Amino acid sequence: MRIWVRVVKELKKRNYVPATDTIAIDLGLNPLIATNNGDLLGRQFFDFLKKMDEKITKRMAQVQRNGGLPSRDNRYREYVRRLREFLKNEINRVLNRLINLYKPMKLVVERLDFRSPELSKRMNRLIQNFGKRYVKEKLERLHQLYGIEIVEVNPAYSSQECSSCGYVDRENRKSTQEFECKCCGNKMNAQVNSAKNLLERSSLREFHPHLPKKQVLKVLIQRHLERLKGCKSAPLDILKGNPYYREFLENILNPRQGLTLS
């Protein structure tokens, strides 16, 4: 039987004078952080992860072919240790840089979700487990040291919503890097667009962190359609072809405007 003893050290709050009211950040893998102001921090983050993914996956396959368990293989465990150290150091480095850059009073963040279809299932699990833990620990440390308020908002559909006009469409997100609104034509980095949406949601009561995705979608569509009442312009044809809008469109548009689905 092993007994682990940890010494908990109380952090002493440092002198900190905020220079910015609020900064919203979108956490991802390529880059690690994007802000609502357009900053892209940690651009080499994903490149290292792909290299480590190749090593971890290859070693795991070798061990399993020989009838062994990866968790008992020294080389495999060393690769995982290096991954953990990289994640911890890079998350600390990038968030420190963000604080030095803006000195915010408040940080708006999404619920943490680190996954990529370009990485193996094993790597995605490792990043989810370690990455979420290290980000939460760092944010808590920033709160304790500097008194920075950490506001967590619901990220549902933030990658598909246009930060300019509010239109929601899965086709808006052209790739992990590119966002182009099918309704208004707004183009920008996809993570920056998400960060702008998170900032907007932080001031709205409807978007509490645990609101179900279907309810989030309903709120987003209602807000967008409210802007179009009385408008018979081209965007209506786009809405009719969007499955997100079909069940909401007839009930929300004012029937006196003569806008009906055909």
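Placed above this text is the structure.
All values derive from a computational prediction rather than experimental measurement. (Residues numbered from 1 in each chain as written. Predicted model: local features only at pLDDT ≥ 70, side-chain atom pairs only at ≥ 80, totals over all residues. Heavy atoms only, no water.)

Chemist: Which parts of the structure should I look at to understand the overall build of the protein?
Modeler: A count of helical and extended segments in the protein gives seven helices and seven strands. From first element to last, N terminus to C terminus, the protein shows the α and β order β-β-β-α-α-β-α-β-β-β-α-α-α-α. Within the protein, the proportion of its 262 residues that are buried is 45%. Sequence separation of 24 or more characterises 64% of the internal contacts of the protein that already satisfy a separation of 6 or more. Total accessible area on the protein stands at roughly 15600 Å², and carbon and sulfur atoms take up 46% of it. (Helix = DSSP H or I, 4+ residues; strand = E, 2+ residues; numbered from the N terminus. Buried < 20%, exposed > 50% of the residue type's maximum accessible area, 1.4 Å probe, protein only. Contact = heavy atoms within 4.5 Å. Areas by Shrake-Rupley, 256 points an atom, 1.4 Å probe, with all protein chains shown as cover.)

Chemist: What should I look at first to understand the environment of Glu 149 in this one?
Modeler: Residue placement: Glu 149 occurs in strand S5 (residues 149–153). In this structure, the C-alpha to C-alpha distance between Glu 149 and Pro 104, residues 45 residues apart in sequence, is 8.8 Å. Leaving out residues up to four positions away in the same chain, Glu 149 has contacts with Met 105, Lys 106, Leu 107 and His 143.

Chemist: I'm lost on the packing of helix H1 (residues 45–65) against helix H3 (residues 121–146) in this one. Help?
Modeler: In the contact formed by H1 and H3, the axes pass within 9 Å of each other and the chain directions differ by 120°. Here H3 runs oblique to H1, going by the angle between their axes. Between H1 and H3 the crossing geometry is right-handed. Note on element contacts: H3 touches H1 through Arg 122, Met 123, Leu 126 and Ile 127, opposite Leu 49, Met 52, Asp 53, Ile 56 and Met 60. Residue composition of the contact of H1 with H3, by class: seven nonpolar, no polar and two charged. (Axes fitted to C-alpha atoms, helices over the stretch in contact; angles between N-to-C directions. Parallel < 35°, antiparallel > 145°, perpendicular 65-115°, else oblique. Left-handed = near helix turned anticlockwise from the far one by under 90°. Nonpolar A, V, L, I, M, F, W, Y, C, P; charged D, E, K, R; others polar.)

Chemist: Sorry, what's going on with the packing of aromatic side chains here?
Modeler: Two measures describe an aromatic ring pair: the distance that separates the ring centres and the angle between the ring planes. Across all of its chains, the model carries six aromatic pairs by this definition. A centroid spacing of 5.5 Å and a plane angle of 80° characterise the contact between Tyr 157 and Tyr 244, whose relative ring orientation is edge-to-face. Of this pair, Tyr 157 sits in the loop between S5 and strand S6 (178–180) while Tyr 244 is found in helix H7 (residues 243–252), placing the two residues 87 residues apart along the sequence. Here Tyr 244 falls in the buried class, since its relative accessible area comes to 10%. Site record: aromatic cluster; members linked through ring pairs are Phe 45, Phe 48 and Phe 86. Taking NZ or CZ as reference, Arg 84 lies 4.5 Å from the ring centre of Phe 130, over its face. Over the aromatic face of Tyr 157 sits the side chain of Lys 213, whose NZ or CZ is 5.1 Å from the ring centroid. (Phe/Tyr/Trp six-rings, centres within 6.5 Å; stacked < 30°, edge-to-face > 60°. Lys NZ or Arg CZ within 6 Å of the ring centre and 35° of its normal.)

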